[in-house]
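# Residue-level structural notes
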Amino acid sequence: MATIDKSTFNSGYSEVNGLKMYYEIYGQGKPLVLIHGGGSTIQSNFEKAIPLFAKDRRVIAVELQAHGRTSDRNADLSFEQDADDIATLLKNLAIDKADFFGFSNGGTTTLQIAIRHSEIVDKIIIGSALAKRNGVPEWFWDFMKQAKLENMPEQLKTAYKHVAADTNGLQIMHDRDAKRMLNFKDIPDEQIKSIKAPTLIIIGDKDIITPEHAIELHRQIANAELAIIPGGHGEYIGEITTIKADFKESELIIPLIDKFLSKKVEQTTIEQLSSSYGK
C-alpha cells in the first residue's frame, strides 16, 4: 500500500469568492488538481489514489462549496462557479498552470475550467463526467426528482460528518447538489469543441455515464483520448462507495493516468496531414 510522505503534506483554507475553501497539498513536482464529485470529500473520492499520484507530482486536492470542510455561500451551486472558485484558489496559491483530474461532478467542473480558464490548463482528465442530459439513462433524472438525504449512500454521509465543522451542513450540501442536477443544462457543442487541452476521458463499463456519451465527448474534443474501464462509477479510482473486501490498489488506473500526463503532446493537424500526403 502506497504511503504519503508527511514532510510534503500541507493543508489550509483560502478566501475564495466569499468562501473559506479547504485544500490539501501532497508531494512535489508538477501540479495536479483533484476535483471531487457531488456529495463527496477529498478522502471519499481520492484517498486511495492520492498516495500514488503524489509519488512524483504536487497534488492539490480541493473541497468545493458546501462540501466537506469548505463553507457555504448563500447561492445555488453551479459548475461554472466551481470552476471560477478553483481558478481563484490556484491564483491564491501562486500556481499559474496545472493538470486537472475531476471525477463525476468534478469532471463537469473540469470541463468548465478548460472552457472558462484555458490559460491555467495543461492537460485534463475527466472521469465519469456529464456534459449533456442524454449522457445518463432516463431513470437517473426520475431518481433525482425523488432525491432525499436518507437515500444518500451511508459512506458519503459518514465521510462528510468525519470532516465537517458543522454536521448540520449535510442537508444543505445534499439539497444544493440535488437542485443543481435537476436544473442541469447541456454544455453547448461549441464550448466543448473549444477545448484545446489534451484530454483523457474515462468511464466505467457499468458507469452511470453511458458509453455513447463518452464517445461523443471524445469526438468533440479535438485532442482527446478515451478509456472505458471495467467496473462501476468511480471504481477505477477507489471511490469509497465502490470499495469491496477484495480491493487491490493494483487495479486502480493511476498508471494509465500517469502515462497520459507524462507523454509529450503530439497534435496532428489537418494541415500537417495534408502536407504529408502532398509530398
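Residues take numbers from 1 onward in each chain, read along the sequence in its written order. pLDDT decides what is reported in this predicted model: residues at 70 or higher carry local features, side-chain atom pairs at 80 or more are listed and counted, and totals for whole chains, interfaces and linings draw on all residues regardless. Side-chain numbers here rest on the full set of heavy atoms in the structure, without hydrogens or water.

What follows concerns the sheet that holds strand S6 (residues 121-127). By the convention used here, strands pair only if DSSP detects at least 2 bridges between them. Numbering of helices and strands runs from the N terminus; a helix is a DSSP stretch of H or I covering at least four residues, while a strand is a stretch of E covering at least two. Read across the open sheet, the eight strands follow the order S1-S2-S4-S3-S5-S6-S7-S8; overall the sheet is mixed. Bordering the open sheet on either side are strand S1 (10-16) and strand S8 (224-229), each of which pairs with just one other strand. In this sheet, neighbouring strand axes are inclined to one another by 20° on average, regardless of whether the strands run parallel or antiparallel. Only heavy atoms enter the contact rule, under which two residues are in contact if any of them lie within 4.5 Å. The angle between two axes is taken between their N-to-C directions and runs from 0 to 180 degrees, where each axis is a line fitted to C-alpha atoms and a helix contributes only its stretch in contact. Contacts from helix H9 (residues 211-220) reach S6, strand S7 (199-204) and S8 within the one sheet, and its direction differs from that of S8 by about 165°. The strands that helix H10 (residues 254-262) touches are strand S3 (30-35), strand S4 (57-62), strand S5 (98-103), S6, S7 and S8; relative to S6, the one it contacts most, it runs at about 155°.

So, on to the pairing of S4. Across the six residues that make up S4, a large majority, five, are buried. Strand direction decides the pairing type here: strand S2 (residues 19-26) and S4, joined by four bridges, are antiparallel. Within the sheet, the bridge partner assigned to Tyr23 lies in S4 and is Val62. Taken together, the six bridges between S3 and S4 define a ladder with parallel strand orientation. Considered in S4, the bridge of Val33 is made with Ile60. The classification of residues rests on relative accessible area computed with a 1.4 Å probe and restricted to protein chains. Under 20% of the type maximum is buried, over 50% is exposed, and intermediate values are partly exposed.

Moving on, we come to the side chain of Arg57. Residue position: Arg57 is located in strand S4. Pairs of N or O atoms within 3.5 Å make up the polar contacts considered here, provided that, within protein, one atom can donate a hydrogen while the other can accept it, and that residues adjacent in sequence are counted only when both atoms are side-chain atoms. A polar contact is formed between the side chain of Arg57 and the side chain of Asp258, at a distance of 2.7 Å.

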